[in-house]
Amino acid sequence: MKKQVILDVDTGTDDAIAIMLAILGKEIDLLGITTVNGNLELALTTDNTLRVVEHCEAGEAVKVYSGCEYPLVSTLSPKSAQSLRPLPKRAGVKMPYAIHGDHLPLPETTLKKQDKNAIVWMIETVMQAEPQSISLVAVGPLSNVATAMRAEPDFAERLREIVIMGGGDRLSNASSAAEFNIWADPEAAEIVLQSGCEVTIIPLDATHDAQISEADLAKIKAIGNKYADFTYDVIMERIDAYADRKADRDAPRSAPVHDALALCYLLHPECITKKADVSCHVDISGGVAYGRTVIDDRQYMETSEPNCTFAYDADKEFFFDWMYNIIARAEES
Ligand code: BDR
Ligand code: CA
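The paragraphs below set out a description of the structure included in this document. Source: prediction; values computed, not measured.

1. A few points about the coordination of the calcium ion (ligand 2)
(1) Moving on: The protein atoms that coordinate the calcium ion (ligand 2) are Asp10 (OD), Asp15 (OD), Asp15 (OD), Val139 (O) and Asp259 (OD), at distances of 2.3 to 2.7 Å.
(2) Moving on: When the donor residues of the calcium ion (ligand 2) are listed from N- to C-terminus, their spacing reads D-x4-D-x123-V-x119-D. You can see Asp15 sitting in helix α1 (residues 13-25) and its partner Val139 sitting in the loop between β4 (134-138) and α4 (143-151), a full 124 residues away along the chain.

2. Digging into the side chain of Asp8
(1) Moving on: One can find Asp8 in strand β1 (residues 3-9).
(2) Moving on: Within the buried core, Asp8 has no salt-bridge partner, and the shortest N-O distance to an opposite charge, that of Lys113, equals 13 Å.
(3) Moving on: A polar contact is formed between the side chain of Asp8 and the side chain of Thr34, at a distance of 2.6 Å.
(4) Moving on: With residues near it in sequence (within four places) discarded, Asp8 still touches Thr34, Thr35, Val36, Met122, Leu136, Val137, Ala138, Val139, Gly140, Pro141, Asn144 and Val145.

3. What to know about unusual backbone geometry
(1) Moving on: Note that the residue after Thr11, namely Gly12, is joined by a cis bond; omega there is -10°.
(2) Moving on: With respect to the secondary-structure elements, Gly12 resides in the loop between β1 and α1.
(3) Moving on: Even without glycine at this site, Lys26 takes up a positive phi of about 55°.
(4) Moving on: Turning to its location among the elements, Lys26 is positioned in the loop between α1 and β2 (28-35).

4. A closer look at the layout of surface pockets
(1) Moving on: In this structure, the largest pocket occupies an estimated 240 Å³ of space.
(2) Moving on: Where the lining of the largest pocket is concerned, the elements lending two or more residues are α1 and β2.
(3) Moving on: Its residues placed into classes, the lining of the largest pocket shows eleven nonpolar, no polar and three charged.

5. Thoughts on the site of ligand 1
(1) Moving on: As a matter of local geometry, ligand 1 sits amid 13 residues, with Asp14, Asn39, Asn173, Glu179 and Asp259 nearest to it.
(2) Moving on: Here an oxygen atom of ligand 1 sits 2.9 Å away from a polar atom, N or O, in the main chain of Val139.
(3) Moving on: Asn181 is positioned with one of its side-chain polar atoms (N or O) 2.9 Å from an oxygen atom of ligand 1.
(4) Moving on: Notes on ligand 1: free accessible area 280 Å², of which the protein chains cover 98%.
(5) Moving on: Broken down by secondary-structure element, the contributors of at least two residues to the shell around ligand 1 are α1, α6 (180-184) and α11 (258-267).
(6) Moving on: Taken together, the residues that form the shell around ligand 1 break down as four nonpolar, five polar and four charged.

6. Looking at the packing of α1 against helix α10 (residues 226-243)
(1) Moving on: The contact between α1 and α10 brings their axes to 9 Å, and the two run at 155°. Considered as vectors, α1 and α10 are oriented roughly antiparallel to each other. Note that α1 runs across α10; the crossing there is left-handed. Across the interface between the two elements, Thr13, Asp14, Ala16, Ile17, Met20 and Leu24 of α1 pack against Tyr227, Phe230, Thr231, Val234, Ile235, Glu237 and Arg238 of α10.
(2) Moving on: Tallied by class, residues from the contact of α1 with α10 come to eight nonpolar, two polar and three charged.

7. Examining empty space enclosed by the protein
(1) Moving on: For the structure on display, the rule yields three cavities of 30 Å³ or more.
(2) Moving on: Lining the second largest cavity we find Leu50, Val53, Gly59, Glu60, Val62, Lys63, Val64, Leu111, Lys112 and Gln114.
(3) Moving on: For the lining of the second largest cavity, the class distribution of residues is five nonpolar, two polar and three charged.

Conventions used here
Residues numbered from 1 in each chain as written. Chains lettered and ligands numbered in written order. Predicted model: local features only at pLDDT ≥ 70, side-chain atom pairs only at ≥ 80, totals over all residues. Heavy atoms only, no water. Donors = N, O, S within 2.8 Å, 3.2 Å for Na, K, Ca; no water. Helix = DSSP H or I, 4+ residues; strand = E, 2+ residues; numbered from the N terminus. Buried < 20%, exposed > 50% of the residue type's maximum accessible area, 1.4 Å probe, protein only. Lys, Arg positive; Asp, Glu negative; His and termini not counted. Salt bridge = Lys/Arg side-chain N within 4 Å of Asp/Glu carboxyl O. Polar contact = N/O pair within 3.5 Å; in protein donor to acceptor, adjacent residues only side chain to side chain. Contact = heavy atoms within 4.5 Å. 1 Å grid on protein atoms, 1.4 Å probe; cavity = no way out; pocket = protein on both sides within 12 Å on 5 of 7 lines; lining within 4 Å. Points joined across faces, edges and corners; volume = space filled by probe spheres on them. Nonpolar A, V, L, I, M, F, W, Y, C, P; charged D, E, K, R; others polar. Near = heavy atom within 4 Å. Areas by Shrake-Rupley, 256 points an atom, 1.4 Å probe, with all protein chains shown as cover. Axes fitted to C-alpha atoms, helices over the stretch in contact; angles between N-to-C directions. Parallel < 35°, antiparallel > 145°, perpendicular 65-115°, else oblique. Left-handed = near helix turned anticlockwise from the far one by under 90°.

Here it is as structure tokens:
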């Protein structure tokens, strides 16, 4: 039986690829997509999500619900890096650097989001389903998921599992200490990590191990359908953005497609080649490490009881083949 999945996104280029592979791959029963503020403000992450759904010819079959417009608390502090105060009219968090344009390279869509709020829909859907039957793949800041957990105390235990793209052990991107999705709403991430749900974290350590190169992209482009063209355009945009970033200056031109690896893991856990059950918490102290995933591997301490599975390495070839085959098999009208 196919896994029943809710996809929580902040679309975004790599979210877009994850959504496309979720729809075209037909490997999951996609119950719906929920959107959150993150890479862009909520109206844009929602609009981009709808454009991808339309591009995949999924129409009304894949419903899109929008959720939190802000992180839970981090934007309230005038001193925090996430503070909105210098930009009062802009919703969401301030991106520390630009990697996603406002709109994906797709035409405007006539598809509309659902009237129901994402949090309400998620709670109703999970509470009405068989216990532990629904998997959640969360590839944006965890504001929606944490709000659902606070609003419905049984939400976490009714889920089968949560796969999160976020965090980093050796690597960071939004700050010197933190990865973007966790940095953008650190308190929400900590709520999710403390929820007792079965959580797997696909962090930067794994996604940077599975980077898509220009040569890989050329193979995808040669497939010659509209999904291949779209994949080429958005991943090339990512490769160009990464080429300007100091840490990757000497590496061959390539880019991680973070969020797609989280979906790949849900379906094919073998794409992760090294993982461990660890105690992981998020720094919410507001200092230089705000939003950092802190792993305690002191097995001898009672406080280091594992609360999640953390991925360290990925099988790049497996990930690429999975992506390639879905795009190559996809039918277009
Ligand atoms: C994560 O942050 C976002 O920019 C990407 O969509 C991804 O989910 C990577 O740090
Ligand atoms: Ca994302």
